[in-house]
Amino acid sequence: ATYNKLYKIFEPYEEFFVLPKPTPKSDPSWFAFPLTIRDPNIFTRNRLTDHYESYKIQTRNYFAGNVLLHPAYDHLSSYEDTINKFPVATKVTTDTFFLGTSPVITDDQIAYIKKVTDLFMGNFGV
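Values in this document were obtained by computation on a predicted structure and should not be read as measured data.

Visitor: Can you walk me through the overall build of the protein in this structure?
Guide: Within the protein one finds five helices and four strands. Of the regular secondary structure in the protein, the N- to C-terminal order runs α-β-β-α-β-α-α-β-α. Its C-alpha atoms give the protein principal-axis dimensions of roughly 50 × 35 × 25 Å. Across the protein, the fraction of contacts at a sequence separation of at least 24, relative to all contacts at a separation of at least 6, is 67%. Considering the protein, the positive charge centre built from 13 side chains and the negative charge centre built from 14 side chains are found 4 Å apart.

Encoded structure:
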């Protein structure tokens, strides 16, 4: 239920975000709501997550992404090959974060997330 409420908050801003959508015939249990910034030249993940955190809305950066960029695996591929061969994995490393989807999030808290989101997006004329 929290997934659906968060989706409605971000749907008007889909030109700025890659929104999570279940694949056909799936029924995911969303442990978090992942958002990916489409164009980090407009605003960065850190700028948005800093905004949320300043309003006491916790976020979490995507925790793996392109694992070939992690020091433990740097012997498997050059940095350039890793970036060029796995662009989506690289993108989520830098541009994806999570909002929580706990079932105890109240409608008032969802409304607050919407208010803080709308405040941020207002900086971009939307």
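Visitor: Before we go on, may I ask you to explain the pairing of strand β2 (residues 32-37) in this structure?
Guide: Residues in a regular strand point their side chains to alternate faces of the sheet. The element β2 is largely enclosed, with a buried count of five among its six residues. One ladder, built from five bridges, connects β2 with strand β4 (residues 96-100); its direction is antiparallel. By the bridge assignment for β4, F33 is matched with L99.

Visitor: Quick question: what am I supposed to make of the nonpolar core here?
Guide: Nonpolar side chains in soluble globular proteins tend to end up buried together. Ranked by size, the top nonpolar core spans 23 residues in total, and within it F10, F17, F33, L35, F43, L48 and L99 carry the most contacts. Counting only elements with at least two residues in this core, the list comes to α1 (2-10), β2, α2 (45-54), β4 and α5 (107-121). Apart from residues no more than four positions distant in its own chain, F17 is found in contact with F10, L35, T36, I37, R38, F43, L48 and M121.

Visitor: Explanation requested: the environment of M121 in the structure shown.
Guide: Mapped onto the secondary structure, M121 falls in helix α5. Measuring from C-alpha to C-alpha, the distance between M121 and D107 comes to 21 Å, with 14 residues separating the pair along the chain. Sequence-distant contacts of M121, defined by excluding residues within four places in its chain, comprise Y13, F16, F17, F43 and V126.

Visitor: Help me understand the packing of aromatic side chains in this model?
Guide: Remark: the centre distance and the inter-plane angle together describe each pair of aromatic rings, the angle taken between the planes. Inspection of the entire model under this criterion finds 14 aromatic pairs. Ring centres of F16 and F124 lie 6.5 Å apart, and the angle between their planes is 45 degrees; this geometry places the pair in the tilted category. Here the residue F16 occupies a position in the loop between α1 and β1 (17-18), and F124 occupies one in the segment after α5, the gap between them amounting to 108 residues. On the accessibility criterion, F124 (22% relative accessible area) is partly exposed. Three or more aromatic residues joined by ring pairs form one cluster here, namely Y3, Y7, F10, F16, F17, W30, F33, F43, F120 and F124.

Visitor: Help me out: how do you make sense of α5 in this one?
Guide: Residues spaced three or four apart along an α-helix point in a common direction, a consequence of the helix completing one turn every 3.6 residues. For α5, built from 15 residues, the straight-helix expectation of 21 Å at 1.5 Å per residue is met to within 8% by its first-to-last C-alpha distance of 21 Å. For α5, the full list of buried residues reads I110, I113, V116, T117, F120 and M121. Along the axis of α5, the buried residues cluster in a sector spanning 135 degrees; they form a single face. In α5, the exposed residues that point more than 90 degrees away from the buried face are D107, D108 and K115.

Definitions and cut-offs
- Residues numbered from 1 in each chain as written.
- Predicted model: local features only at pLDDT ≥ 70, side-chain atom pairs only at ≥ 80, totals over all residues.
- Heavy atoms only, no water.
- Helix = DSSP H or I, 4+ residues; strand = E, 2+ residues; numbered from the N terminus.
- Contact = heavy atoms within 4.5 Å.
- Lys, Arg positive; Asp, Glu negative; His and termini not counted.
- Charge placed at Lys NZ, Arg CZ, Asp CG, Glu CD.
- Buried < 20%, exposed > 50% of the residue type's maximum accessible area, 1.4 Å probe, protein only.
- Pairing = 2+ DSSP bridges.
- Core = buried A, V, L, I, M, F, W, Y, C linked by side-chain atoms within 4.5 Å.
- Phe/Tyr/Trp six-rings, centres within 6.5 Å; stacked < 30°, edge-to-face > 60°.
- Expected span 1.5 Å × (residues − 1).
- Arc of directions from axis to C-beta.

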